[in-house]
Amino acid sequence: MENFRNEQEHDWLLVGLVRDLDQTGRLDILSRHLLNGKTIGKLENAQRRRLFDVELTFENLSVIIETKVDSAESGGGKWNAEAWQTERIFTESQQHAYLKPDRVYLFVTYGTSEFYIKDERNGYQKGPGCTQFKHVKLEDMIRFIKDCLEQKVVTAGNKYSIKGWYDELEQELEK
């Protein structure tokens, strides 16, 4: 990983890892760690998007991911915006037919972004501004990636990148 603070690097590593899980027939690891055990089917699409950071579409559902690394969620906390970023993503994503009707929304935080405080008008809170998003914390991602490495589902071409990512996440947790 060249720059831990670069959200896109985390996104591309996650996309690569999910593709590996699909290739090895082990999407159950993703489902168990991040999707509450949902039956997802085969991977149909894994990519970055403009409206949100990552789209993972499977036979049975789409996963919409917003990633934060050491930054606050934009929107309502800035006092002049009408909606949190995650609220805008949820609303606008409803219009996209390329997504499956069944959707899971994840707000993945790496580093200090987990501790940014939201707008005091709604009470201090951590995590996403939109209640439709599940907050996936640094520790959750570490457990997920560790399980993937232990189960040896990472392809040879991706192994060192994922191991390096895991090591950097562990270092961030120690900070």
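Reading the values: rules and limits
Residues numbered from 1 in each chain as written. Predicted model: local features only at pLDDT ≥ 70, side-chain atom pairs only at ≥ 80, totals over all residues. Heavy atoms only, no water. Helix = DSSP H or I, 4+ residues; strand = E, 2+ residues; numbered from the N terminus. Buried < 20%, exposed > 50% of the residue type's maximum accessible area, 1.4 Å probe, protein only. Contact = heavy atoms within 4.5 Å. Areas by Shrake-Rupley, 256 points an atom, 1.4 Å probe, with all protein chains shown as cover. Phe/Tyr/Trp six-rings, centres within 6.5 Å; stacked < 30°, edge-to-face > 60°. Lys NZ or Arg CZ within 6 Å of the ring centre and 35° of its normal. Salt bridge = Lys/Arg side-chain N within 4 Å of Asp/Glu carboxyl O. Core = buried A, V, L, I, M, F, W, Y, C linked by side-chain atoms within 4.5 Å. Expected span 1.5 Å × (residues − 1). Arc of directions from axis to C-beta.

## Quick notes on the overall build of the chain
Consideration 1: For the chain, the count of helices and strands is five helices and five strands.
Consideration 2: Ordered by position in the sequence, the α and β elements of the chain form the string α-α-β-β-β-α-β-β-α-α.
Consideration 3: Residues counted as buried form 49% of the 175 residues belonging to the chain.
Consideration 4: The long-range share in the chain, meaning contacts at least 24 apart out of those at least 6 apart in sequence, stands at 64%.
Consideration 5: When the accessible surface of the chain is summed, it comes to about 9000 Å², and 45% of that surface belongs to carbon and sulfur atoms.

## Observations regarding the packing of aromatic side chains
Consideration 1: Under the defined criterion, the tally for this structure stands at three aromatic pairs.
Consideration 2: Between Tyr105 and Phe133 the ring centres are 5.1 Å apart and the planes differ by 55°, which places this aromatic pair in the tilted class. Highlighted residues: Tyr105 in strand β4 (residues 103–110) and Phe133 in strand β5 (residues 133–136), separated in sequence by 28 residues.
Consideration 3: These aromatic residues form a ring-pair network of at least three members: Phe90, Tyr105 and Phe133.
Consideration 4: The aromatic ring of Tyr98 is capped on one face by Arg49, whose charged end is 3.8 Å from the ring centroid.

## Brief notes about helix α2 (residues 27–34)
Consideration 1: Among all positions in α2, only Leu27, Ile29, Leu30, Ser31 and Leu34 are buried.
Consideration 2: The elements touched by buried residues of α2 are α1 (7–23), β1 (43–48), β2 (54–58), β4, β5 and α4 (138–150).
Consideration 3: In the stretch just after α2, Asn36 is the one whose phi turns positive, near 55°.

## Quick notes on the pattern of salt bridges
Consideration 1: Applying the stated criterion across every chain, the model contains 15 salt bridges.
Consideration 2: The salt bridge partner of Glu172 is Arg5, with a shortest N-O separation of 3.5 Å. Here Glu172, found in helix α5 (residues 156–174), pairs with Arg5, found in the segment before α1; they are 167 residues apart in sequence, far enough to count as distant.
Consideration 3: As a salt-bridge pair, Arg26 and Asp28 come within 2.9 Å of each other at their nearest N and O atoms.

## Here's the deal with the nonpolar core
Consideration 1: By size, the foremost hydrophobic cluster in this structure holds 40 residues, and its most contacted members are Leu30, Phe58, Phe144 and Trp165.
Consideration 2: At the level of elements, α1, α2, β1, β2, β3 (62–69), β4, α4 and α5 are the ones that each hand at least two residues to this core.
Consideration 3: For this core, the element with the most residues is α4, which contributes seven residues.
Consideration 4: By size, the runner-up hydrophobic cluster in this structure holds eight residues, among which are Leu99, Tyr105, Cys130 and Phe133.

## Thoughts on α5
Consideration 1: In a regular helix each residue adds 1.5 Å, so 19 residues correspond to 27 Å; α5 covers 28 Å between its end C-alpha atoms and thus fits that length.
Consideration 2: All of the buried residues in α5 are Asn158, Ile162, Trp165, Tyr166, Leu169 and Glu172. Buried positions in α5, seen along its axis, are confined to an arc of 120° and lie on one side of it. More than 90 degrees from the buried face of α5, the exposed residues found are Ala156, Tyr160 and Glu174.
Consideration 3: The inward-facing, buried residues of α5 contact α1, β4 and α4.

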